[in-house]
Amino acid sequence: VTSPVSAVSLVSTEASMSDLAPASLFDGLIGKPFKSKGRGPDAFDCFGLHREIKRLAGLPCPEYNISAFAVRSIDKVIAAEAKSHWEKLPGPELYALIVIKNDPVFSNHVATYMGGGRFLHIMRGINVAYGRINDPEWRLKIRGYYRYVG
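Notes on the structure in this doc start here.

Cut-offs used in this document
Residues numbered from 1 in each chain as written. Predicted model: local features only at pLDDT ≥ 70, side-chain atom pairs only at ≥ 80, totals over all residues. Heavy atoms only, no water. Helix = DSSP H or I, 4+ residues; strand = E, 2+ residues; numbered from the N terminus. Contact = heavy atoms within 4.5 Å. Areas by Shrake-Rupley, 256 points an atom, 1.4 Å probe, with all protein chains shown as cover. Phe/Tyr/Trp six-rings, centres within 6.5 Å; stacked < 30°, edge-to-face > 60°. Lys NZ or Arg CZ within 6 Å of the ring centre and 35° of its normal. Buried < 20%, exposed > 50% of the residue type's maximum accessible area, 1.4 Å probe, protein only. Expected span 1.5 Å × (residues − 1). Arc of directions from axis to C-beta. Salt bridge = Lys/Arg side-chain N within 4 Å of Asp/Glu carboxyl O.

### Here's the deal with the overall build of the protein chain
Move 1: Helix and strand counts for the protein chain stand at 5 helices and 6 strands.
Move 2: Moving toward the C terminus, one meets the helices and strands of the protein chain in the order α-α-α-α-β-β-β-β-β-α-β.
Move 3: Counting only contacts in the protein chain whose residues sit at least 6 apart along the sequence, the fraction spanning at least 24 positions is 56%.
Move 4: Accessible surface, the protein chain as shown: approximately 7700 Å² in total, 56% of it carbon and sulfur.

And the structure:
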């Protein structure tokens, strides 16, 4: 059962314990390396990491077999799938998929909201690590939060 994070938590650095993913469940992912089409357990791409987090949390998540470097393909899949299989959320929610525009033109990166204003992600040059949704590096690049609805 997930617990939605209130709009106040979006700008606050504090969150209740019920709004946080249990760190012990995901500690083993920290520092894992990037690999295009990586689905674990030793390496991931950004969507592979999201799938692994959902698996560990016991939640469903579809598979997309796209190269992490196929920026236009990623953007097209995100746009098409968001309309049919993903519900756009008004703000962050525990384990939500975060769509990020990390390219001047295309949305080409995803992360997973972990509560308390934090997300887990991976990308070329950055092993699995936490980021913060209010960090200036990410705040303006976030295009939305999504929950998989099948």
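### A few points about the packing of aromatic side chains
Move 1: Considering all chains together, one arrives at 5 aromatic pairs under this definition.
Move 2: Ring geometry for Tyr113 versus Tyr145: centroids 6.5 Å apart, planes at 85°, classification edge-to-face. Here Tyr145 lies in strand E6 (residues 142-148) and Tyr113 lies in strand E3 (residues 109-115), a separation of 32 residues in the sequence.
Move 3: Just above the ring of Trp138 sits the side chain of Lys141; from NZ or CZ to the centre is 5.5 Å.

### Section: the environment of Ile66
Move 1: Summarising the element assignment, Ile66 is placed in the loop between helix H3 (46-57) and helix H4 (71-84).
Move 2: Judged by its relative accessible area of 19%, Ile66 is buried.

### Some points on H4
Within an α-helix, residues lying three or four positions from one another point in the same direction, as the helix has 3.6 residues per turn.
Move 1: With 14 residues, H4 extends 21 Å between its outermost C-alpha atoms, agreeing within 8% with the 20 Å of an ideal straight helix rising 1.5 Å per residue.
Move 2: Residues of H4 that are buried: Ile74, Ile78, Glu81 and Ala82. Buried residues of H4, seen end-on, are gathered within an arc of 105° and therefore sit on one face of the element. Residues Arg72, Lys76 and Lys83 are exposed on H4 and point more than 90 degrees away from its buried face.

### Topic: the pattern of salt bridges
Here the idea is simple: oppositely charged side chains can pair when their charged atoms come close.
Move 1: Taken as a whole and assessed by the stated rule, the structure comprises 6 salt bridges.
Move 2: One salt-bridge network, held together by shared partners, links Arg39, Asp45, Arg51 and Glu63.

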